[in-house]
Amino acid sequence: MRLLHTSDWHLGRSFHRVGMLGAQAEFIGHLVGTVREREVDAVVVSGDVYDRAVPPLAAVELFDDALHRLAELGVPTVMISGNHDSARRLGVGAGLMGRAGIHLRTDASACGTPVVLADGHGDVAFYGLPYLEPALVKDTLGVEKGGHEAVLAAAMDRVRADLAARPSGTRSVVLAHAFVTGGEPSDSERDITVGGVAAVPAGVFDGVDYVALGHLHGCQTLTGRVRYSGSPLPYSFSEADHRKSMWLVDLAADGTVTAERVDCPVPRALARIRGTLEELLADPALARHQEAWVEATLTDPVRPADPMARLGERFPHTLSLVFAPDRAADDPDVTYARRLAGRDDQQIAEDFVTHVRGAEPDARERTVLRDAFDAVRADDAVREVAR
């Protein structure tokens, strides 16, 4: 069986105020063309279809167009909700859509109920594990207390139990939306840390033939059977070196996996350039970036006059300007933002306690802070689902 694995469309998202809907529509056309030309048997979409729980109308219309075009090809599609999606909204009409071959899996309680497709070698069971927010699904999955690893392990127990009851030789595919250990994040993913831990080990998915992951925006191979497709478009300058693609996966009769990357259309190259303003305006080596979307980091000791306008004369698609004079980290003139770069909320809060009190928080106090951040993030998730 030949699968096309994609994820993280983020329909409705912009890139530094540049609307991406046209590029997203071009990607959908490319996906449909790939399904037709490469004789794909099933499409799997591993979450974050939309960029937010209540997407703009234009994004919903593009999603509707994608579903109609895939249904017209007669190629089944299995799709899960991600942490950016509203599972309840995305799942509306799932029963009717399933009759057209569009299988939406957004309910945590149905993790062990697969979509079963068949080829000349027998059945393939597709298990959809939507994004499992621990605070919202632990009761559903029978987990008393725990984070992402606990709820994913419970969901996978249901998957393995169902698979064990199926005829020998049934192949299996799991769709999941999670941060798996070994994956490389970028700046454009929303933090899903719980209890100070974001990642889960790849071993939690043992026992199935292929795991189609979503959430991280870089295309990655964690093992021969566990892969991220990444987002089809860039959503931050940290993705400047990404090669945006989908996985074309062939699942043999014995469950052996072979995979090929299929490149996605590139609306415009990304470039991160750094130096003084005069260096950036004069360096001939930077000529290749004149048509790219540019993030420019200026290292001038004093902020120059009209930097964005002057950069725009040479790099008309400059979208981001960062002022970062070359100074030591402990220089009193280093900006607050630079001092906080790379530090998460927990670390910033602990630093604040240390600064105010003159002593670091102890283990109990760190736990109180961590529980507070987890409670706020879980409350945000509940409010988003209820919208």
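Further up the page is the structure itself.
Now for a description of the structure that goes with this document. (Residues numbered from 1 in each chain as written. Predicted model: local features only at pLDDT ≥ 70, side-chain atom pairs only at ≥ 80, totals over all residues. Heavy atoms only, no water.)

A few words now on the nonpolar core. Membership of the largest hydrophobic core comes to 33 residues, with the highest contact counts inside it found for L129, L132, L141, L152, V174, F205 and L213. Every element with two or more residues in this core is listed here: β8 (122-129), α6 (148-164), β9 (171-177), β10 (210-214) and β12 (226-228). No other element matches the seven residues that α6 contributes to this core. In this structure, L141 is in contact with A108, L132, V151, A154, A155 and R158, ignoring residues within four places of it in sequence. (Core = buried A, V, L, I, M, F, W, Y, C linked by side-chain atoms within 4.5 Å. Buried < 20%, exposed > 50% of the residue type's maximum accessible area, 1.4 Å probe, protein only. Helix = DSSP H or I, 4+ residues; strand = E, 2+ residues; numbered from the N terminus. Contact = heavy atoms within 4.5 Å.)

With that settled, the discussion passes to the pairing of strand β7 (residues 115-119). When β7 meets β8, the two strands line up antiparallel, connected through five bridges. When the bridges of β8 are listed, A118 appears paired with D123. Connecting β7 to the antiparallel partner β8 that follows it, the hairpin turn spans two residues. (Pairing = 2+ DSSP bridges.)

Looking now at the sheet that holds β12. Pairing between sheet strands relies on hydrogen bonds along the backbone, with the strands arranged either parallel or antiparallel. Taken in spatial order, the six strands line up as β7-β8-β9-β10-β12-β11 in an open sheet, and their pairing is mixed. Where the open sheet ends on each side, the last strands, each with one partner, are β7 and β11 (220-223). Strand-to-strand twist across the sheet, computed as the mean angle between neighbouring axes with direction ignored, equals 20°. Of the pairings in the sheet, the one linking β8 to β9 comprises six bridges and is parallel in character. Residue pairing across strands places F126 opposite V173, the latter belonging to β9. Its contacts with the sheet place α6 against β8 and β9, and it is angled at close to 160° to β8. (Axes fitted to C-alpha atoms, helices over the stretch in contact; angles between N-to-C directions.)

Moving on, we get to the packing of helix α1 (residues 21-37) against helix α2 (residues 57-73). One can describe the packing of α1 onto α2 by two numbers: an axis separation of 10 Å at closest approach and a directional angle of 10°. Viewed along their axes, α1 and α2 adopt a mutual orientation that is roughly parallel. Facing L21, Q24, A25, I28, G29, L31, V32, V35 and R36 of α1, the residues of α2 in contact are A58, A59, L62, A66, R69, L70 and L73. The class makeup of the residues in the contact of α1 with α2 is 12 nonpolar, two polar and two charged. (Parallel < 35°, antiparallel > 145°, perpendicular 65-115°, else oblique. Nonpolar A, V, L, I, M, F, W, Y, C, P; charged D, E, K, R; others polar.)

Attention now goes to the environment of F323. Residue placement: F323 occurs in strand β17 (residues 318-323). Put simply, F323 and D300 are 23 residues apart on the chain and 7.9 Å apart in space, counted from C-alpha to C-alpha. If near-sequence neighbours (up to four positions away) are discounted, F323 is found in contact with L298, D300, P301, V302, R303 and P304.

With respect to the secondary-structure elements, D209 resides in the loop between β9 and β10. Judged by its relative accessible area of 15%, D209 is buried. Among the polar contacts made by the side chain of D209, one reaches the main-chain amide nitrogen of S172 at a distance of 2.9 Å. Excluding its chain neighbours within four sequence positions, the residues that come into contact with D209 are T170, R171, S172, R225, L251, G255 and V257. (Polar contact = N/O pair within 3.5 Å; in protein donor to acceptor, adjacent residues only side chain to side chain.)

Attention shifts here to the pattern of salt bridges. Applying the stated rule across the entire model yields 15 salt bridges. Across the salt bridge formed by E295 and R272, the nearest N and O atoms sit 2.8 Å from each other. Remark: R272 occurs in strand β15 (residues 270-275) and E295 occurs in strand β16 (residues 293-298); sequence separation between them is 23 residues. For the salt bridge of R274 with D326, the shortest nitrogen-to-oxygen distance reads 3.4 Å. Of the two residues, R274 sits in strand β15 while D326 sits in the loop between β17 and α9 (336-340), which places them 52 residues apart along the sequence. (Salt bridge = Lys/Arg side-chain N within 4 Å of Asp/Glu carboxyl O.)

Our focus in this paragraph is the side chain of T297. Mapped onto the elements, T297 comes out in strand β16. Non-local contacts of T297, meaning those with residues more than four positions away in its chain, are made with I273, R274, G275, L280, V322 and A324.

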